[in-house]
Amino acid sequence: MFSLATLLVVIAMAMTLIRAVRGPTPYDRILAVNVHGTMTVLLIALAGFLTDRPDFLDLSLAYALLNFVGTLAALKFFKHGHLGEEQ
Amino acid sequence: MSLALDILSGACLFVGAVLMIVSALGVIRLPDLFTRLHGASIADTGGAFLLLIGMILQADSFLVGIKLGLIGIVLFFTAPTASHAVAHAALIGGLSPDDPGANQGREEAEEDRA
């Protein structure tokens, strides 16, 4: 049951990569990577359950926050051309 | 009792994983960025929460359930914000939502039509 869910999530992650590669605009790529990150969060949690190691959940929690900050940083870079460091 | 839990969590996990596939399909197939945002948010809301509920039902210790709940809370707040940020940046970046395929995915639009 866990292995089936993990397999489906891995297939879904591969599919989002197709959009990340093909996406014409940079915002498509950021969106695809964001969805890929959310699925990575759940994949780590599922892997924690598969290998019966509860400490994986801390990794998935940390990665959920990192993914969010990474998406916002990439968007800020595309909106302003720099990340706020003075020229 | 544990059999019912297993069946329920198995169903939650399966439906959550299928929603992930549906969301990935939506991100690939939909014509322009703003419709792809709909596809992407299916994974964040439906797929993620169903998978987390399936895992919480299988959690053997209390701490694991709390951590899964925390992941759900984090996703609850960050996912819509990220989708909003992408749409806002795209609008400022000059993409217009009212004519799909106008300047994003134009070649794909022809590809789909051809």
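Keep in mind that what you see is a predicted model, and the values were worked out from it rather than measured. Counting from 1, residues in each chain are numbered in the order their sequence is written. Numbering of ligands from 1 and lettering of chains from A proceed in the order in which they are written. Local features are withheld for residues below a pLDDT of 70 in this predicted model, meaning they are given only at 70 or higher, and side-chain atom pairs are given and counted only at 80 or more; totals for whole chains, interfaces and linings count all residues. Water and hydrogen atoms play no part in the side-chain values, which are based on all heavy atoms of the structure.

## Remarks on the packing of helix 2 (residues 26-50) of chain A against helix 3 (residues 62-92) of chain B
Phase 1 of the analysis: Axis lines are fitted through C-alpha atoms, for helices just across the contact stretch, and the angle between N-to-C directions can take any value from 0 to 180 degrees. What counts as a helix is a DSSP run of H or I of at least four residues, what counts as a strand is a run of E of at least two, and both are numbered from the N terminus. Contact geometry for helix 2 of chain A and helix 3 of chain B: axes closest at 10 Å, N-to-C directions at 175 degrees. One finds that helix 2 of chain A runs roughly antiparallel with respect to helix 3 of chain B. Between helix 2 of chain A, through A:Tyr27, A:Ile30, A:Leu31, A:Asn34, A:Thr38, A:Val41 and A:Phe49, and helix 3 of chain B, the contact on the second element is made entirely by B:Val64, B:Leu68, B:Ile71, B:Leu75, B:Ala82, B:Val86, B:Ala89 and B:Ala90.
Phase 2 of the analysis: A class-by-class count of the residues in the contact of helix 2 of chain A with helix 3 of chain B yields 13 nonpolar, two polar and no charged. Small angles under 35 degrees read as roughly parallel and large ones over 145 as roughly antiparallel, with 65 to 115 read as roughly perpendicular and the rest as oblique. Between two residues, a contact is recorded if the distance between any of their heavy atoms is within 4.5 Å. Under the convention adopted here, Pro, Cys and the residues Ala, Val, Leu, Ile, Met, Phe, Trp and Tyr are nonpolar, Asp, Glu, Lys and Arg are charged, and Gly plus all remaining residues are polar.

## Considerations on the side chain of A:Thr38
Phase 1 of the analysis: Its place among the elements puts A:Thr38 in helix 2.
Phase 2 of the analysis: Within the structure, the side chain of A:Thr38 is placed 3.3 Å from the side chain of B:Asp44, a separation counted as a polar contact.
Phase 3 of the analysis: Not counting residues within four places of it along the chain, the set of residues in contact with A:Thr38 comprises A:Asn67, B:Asp44 and B:Leu75. Under this definition, polar contacts are N or O atom pairs within 3.5 Å; protein pairs additionally need one hydrogen-donor-capable and one acceptor-capable atom, and for neighbouring residues in sequence, both atoms have to be side-chain atoms.

## Things to note about the interface of chain A and chain B
Phase 1 of the analysis: At the interface, 41 residues of chain A touch 51 residues of chain B.
Phase 2 of the analysis: What counts as a salt bridge is simple: a side-chain nitrogen of Lys or Arg found within 4 Å of a carboxyl oxygen of Asp or Glu. Summed over the shared surface of chain A and chain B, the number is two salt bridges.
Phase 3 of the analysis: In this structure, A:Asp28 engages B:Arg36 in a salt bridge whose closest nitrogen and oxygen atoms are separated by 2.5 Å.
Phase 4 of the analysis: Taken together, the connections running from chain A to chain B amount to six residue pairs in polar contact (both at pLDDT 80 or more).

## Some words on the packing of aromatic side chains
Phase 1 of the analysis: Any pair of Phe, Tyr and Trp rings, taking the six-membered ring for Trp, is counted once the centres come within 6.5 Å. Such a pair is stacked with planes under 30 degrees apart, edge-to-face with planes over 60 apart, and tilted for the rest. Using the criterion set out here, one finds five aromatic pairs over all chains in the structure.
Phase 2 of the analysis: A ring pair is formed by A:Phe2 and A:Phe49, whose centres lie 5.2 Å apart and whose planes are at 20 degrees; its orientation type is stacked. One end of the pair, A:Phe2, is in helix 1 (residues 2-22); the other, A:Phe49, is in helix 2, and 47 residues separate them in sequence. The pair formed by A:Phe2 and A:Phe49 is uniform in burial state, with each residue classed as buried.
Phase 3 of the analysis: With a centroid separation of 5.2 Å and an interplanar angle of 85 degrees, the aromatic rings of B:Phe76 and B:Phe77 are classed as edge-to-face.
Phase 4 of the analysis: An aromatic cluster of three or more residues is present, and its members are A:Tyr27, A:Phe77 and A:Phe78. Relative accessibility thresholds used throughout: buried, under 20% of the residue-type maximum; exposed, over 50%; partly exposed, between the two (1.4 Å probe, protein chains only).

## Some details on the environment of B:Ala24
Phase 1 of the analysis: Along the chain, B:Ala24 falls in helix 1 (residues 2-29).
Phase 2 of the analysis: Considered as a pair, B:Ala24 and B:Arg36 are twelve residues apart in the sequence and their alpha carbons are 9.5 Å apart.
Phase 3 of the analysis: Sequence-distant contacts of B:Ala24, that is, excluding residues within four places in its chain, are made with A:Ala12, A:Met15, A:Thr16 and A:Met39.

## What to know about the nonpolar core
Within soluble globular proteins, side chains that are nonpolar tend to cluster in buried spots.
Phase 1 of the analysis: Nonpolar core, defined: a set of buried Ala, Val, Leu, Ile, Met, Phe, Trp, Tyr and Cys residues in which side-chain atoms within 4.5 Å join the residues together. Counting 48 residues, the largest nonpolar core has A:Val9, A:Met39, B:Met20, B:Leu51 and B:Met55 as its most contacted members.
Phase 2 of the analysis: Within the residue set of this core, elements represented by two or more residues are helix 1, helix 2 and helix 3 (56-80) of chain A together with helix 1, helix 2 (33-58) and helix 3 of chain B.
Phase 3 of the analysis: The element contributing the most residues to this core is helix 2 of chain A, with eleven residues.
Phase 4 of the analysis: Not counting chain neighbours up to four residues away, the residues in contact with B:Met55 comprise A:Phe2, A:Leu42, A:Ala45, A:Leu46, A:Phe49, B:Leu13 and B:Leu68.

## Thoughts on the environment of B:Leu68
Phase 1 of the analysis: Mapped onto the elements of the fold, B:Leu68 is located in helix 3.
Phase 2 of the analysis: Overall, B:Leu68 belongs to the buried group, its relative accessible area being 1%.
Phase 3 of the analysis: With residues near it in sequence (within four places) discarded, B:Leu68 still touches A:Phe49, A:Leu57, B:Leu52, B:Met55 and B:Ile56.

## As for unusual backbone geometry
All names here are of chain A.
Phase 1 of the analysis: A positive phi angle is found at Asp52, which is not glycine, with a value near 55 degrees.
Phase 2 of the analysis: Relative to the helices and strands, Asp52 resides in the loop between helix 2 and helix 3.
Phase 3 of the analysis: On the basis of relative accessibility, which here comes to 61%, the residue Asp52 falls in the exposed class.

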